[in-house]
Amino acid sequence: MVDTGDAKATTPRRVRMSSAQRREQLIAIGRQLFAEKGFDGTSVEEVAARAKVSKPVVYEHFGGKEGLYAVVVDREVLALLNRVTNALTGGHPRELLEQAALALLDYIESDTNGFRVLVRESPVGSNSGNFSSVLNDVAHQVEHVLAAEFKNRGYDPKLAELYSQALVGMVSLAGRWWLEVRKPRKEAVAAHLVNLAWNGLSNLEPKPTLGHGSR
């Protein structure tokens, strides 16, 4: 007779996740899949397979793929807005623009999957925020900076909204390009973007650097 006692003793027991832990696991897996394949290319079956659970577990936590997607996007929206808001600590308008540009590039670099989720198309009929809505929120923050500067310089402060949309749109589009090439380094990208925004094409500095606002 074979003694199987030692075999049983050495077999690792599978640790059961709490409901909160399982939810976080599913969110992380969903974030990865939505970044890789987009909403349409991701299925509940694949989310469940990667988590090694049954499909009903995913439905129990999120009600379906749409619910999981909404949670992932809402978290990324909050993460990006917090990053930009916390970065705006300077007093000079140019310094604030530098901080906003660099914060967005920081997010793209450190939270690449989250950025990819945001820039992909949202499902039809989705109420979840997308990158456009995030950029609108960021643009509104930049608008306040520009409005004050326009007023000080005798420009029409009503145009601040137009310029803020243009500036944020420029940085975000360049950020999508930089995500793929990763050259030059992000500080140089931010400096050149602010150089263009601040000086205009007619007054470009040949070798822009960050930190002008604090000088």
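This structure is a prediction, so every number in the text was calculated from the model and none was measured.

A.B. asks: Tell me about the overall build of the chain, residues and numbers included.
C.D. replies: Counting secondary structure elements, the chain contains 10 helices and 0 strands. The helix and strand sequence of the chain, counted from the amino end, reads α-α-α-α-α-α-α-α-α-α. Burial statistics for the chain: of 215 residues in total, 42% are counted as buried. In the chain, 64% of the contacts between residues at least 6 apart in sequence involve partners at least 24 apart.

A.B. asks: Tell me about the packing of aromatic side chains, and please be specific about residues and values.
C.D. replies: Per the counting criterion, the structure on display carries 4 aromatic pairs. Ring geometry for F39 versus Y69: centroids 5.2 Å apart, planes at 75°, classification edge-to-face. Placement of the pair is F39 in helix α2 (residues 19-41) and Y69 in helix α5 (residues 65-87), with a sequence separation of 30 residues. Here the two residues F39 and Y69 agree in accessibility, since each one is buried. Each ring, one from Y107 and one from F115, has its centre 6.5 Å from the other, and the planes form 75°; the classification is edge-to-face. Both residues of the pair, Y107 and F115, count as buried. Pairwise contacts between aromatic rings join F34, F39 and Y69 into one cluster. The cationic tip of K65 hangs over the ring face of F39; the distance from NZ or CZ to the ring centre is 4.2 Å.

A.B. asks: Any chance you could break down the environment of E95 for me, citing the residues and the numbers?
C.D. replies: Within the secondary structure, E95 is located in helix α6 (residues 93-110). Spatially, the C-alpha atoms of E95 and V194 are 9.1 Å apart, while their sequence positions differ by 99 residues.

A.B. asks: So what's going on with the packing of α2 against helix α7 (residues 112-119)? Which residues, and what values?
C.D. replies: Taken N-terminus to C-terminus, the directions of α2 and α7 make an angle of 60°; their axes are 8 Å apart at the nearest point. With respect to each other, α2 and α7 are oriented oblique. Where α2 crosses over α7, the handedness of that crossing is left-handed. On α7, the residues touching R31, Q32, F34 and A35 of α2 are N113, G114, R116 and V117. A breakdown of the residues in the contact of α2 with α7 according to their chemical character gives 3 nonpolar, 3 polar and 2 charged.

A.B. asks: Quick rundown of a nonpolar patch on the surface? Include the residues and the values.
C.D. replies: Where nonpolar side chains cluster on the molecular surface, the patch consists of L159, L162 and Y163 and spans about 300 Å² of accessible area. Assignment of secondary structure puts L162 in helix α9 (residues 160-181). Residue class for L162 comes out exposed when judged on its relative accessible area of 54%.

A.B. asks: Lay out the confidence of the model for the chain with the relevant residues and their values.
C.D. replies: Overall, the predicted model of the chain reaches an average pLDDT of 83, with 85% of residues at or above 70. Ranking the elements of the chain by mean pLDDT puts helix α1 (residues 5-10) last with 53 and helix α3 (residues 44-51) first with 97.

A.B. asks: Give me the UniProt feature "DNA-binding region" (unreviewed entry) in the chain: which residues, what numbers.
C.D. replies: Listed under "DNA-binding region" (unreviewed entry) in the UniProt record, and renumbered for this structure, are residues 43-62. Strand forms 0% of residues 43-62 and helix 80%; the C-alpha atoms that close the span are 13 Å apart.

A.B. asks: Give a detailed account of the pattern of salt bridges, specifying residues and quantitative values.
C.D. replies: A side chain with one charge may pair with a side chain of the opposite charge, provided their charged atoms come close. Counted by the stated rule, this structure contains 13 salt bridges. A salt bridge links R31 to E76; the shortest N-O distance between them is 2.6 Å. With R31 in helix α2 and E76 in helix α5, the pair connects residues that are 45 residues apart, well separated along the chain. Of the charged contacts, one joins R50 and E46 as a salt bridge, the two residues approaching to 3.9 Å between their closest N and O atoms. Taken as a pair, R50 and E46 lie in helix α3 at a separation of 4 residues, close to a single helical turn.

Rules used in this analysis
Residues numbered from 1 in each chain as written. Predicted model: local features only at pLDDT ≥ 70, side-chain atom pairs only at ≥ 80, totals over all residues. Heavy atoms only, no water. Helix = DSSP H or I, 4+ residues; strand = E, 2+ residues; numbered from the N terminus. Buried < 20%, exposed > 50% of the residue type's maximum accessible area, 1.4 Å probe, protein only. Contact = heavy atoms within 4.5 Å. Phe/Tyr/Trp six-rings, centres within 6.5 Å; stacked < 30°, edge-to-face > 60°. Lys NZ or Arg CZ within 6 Å of the ring centre and 35° of its normal. Axes fitted to C-alpha atoms, helices over the stretch in contact; angles between N-to-C directions. Parallel < 35°, antiparallel > 145°, perpendicular 65-115°, else oblique. Left-handed = near helix turned anticlockwise from the far one by under 90°. Nonpolar A, V, L, I, M, F, W, Y, C, P; charged D, E, K, R; others polar. Patch = residues over 30% accessible without salt bridge, like charges linked within 9 Å, V, L, I, M, F, W, Y side chains within 5 Å. Areas by Shrake-Rupley, 256 points an atom, 1.4 Å probe, with all protein chains shown as cover. Salt bridge = Lys/Arg side-chain N within 4 Å of Asp/Glu carboxyl O. pLDDT = per-residue confidence, 0-100. UniProt positions renumbered as here; feature names shortened; annotations may be inferred.

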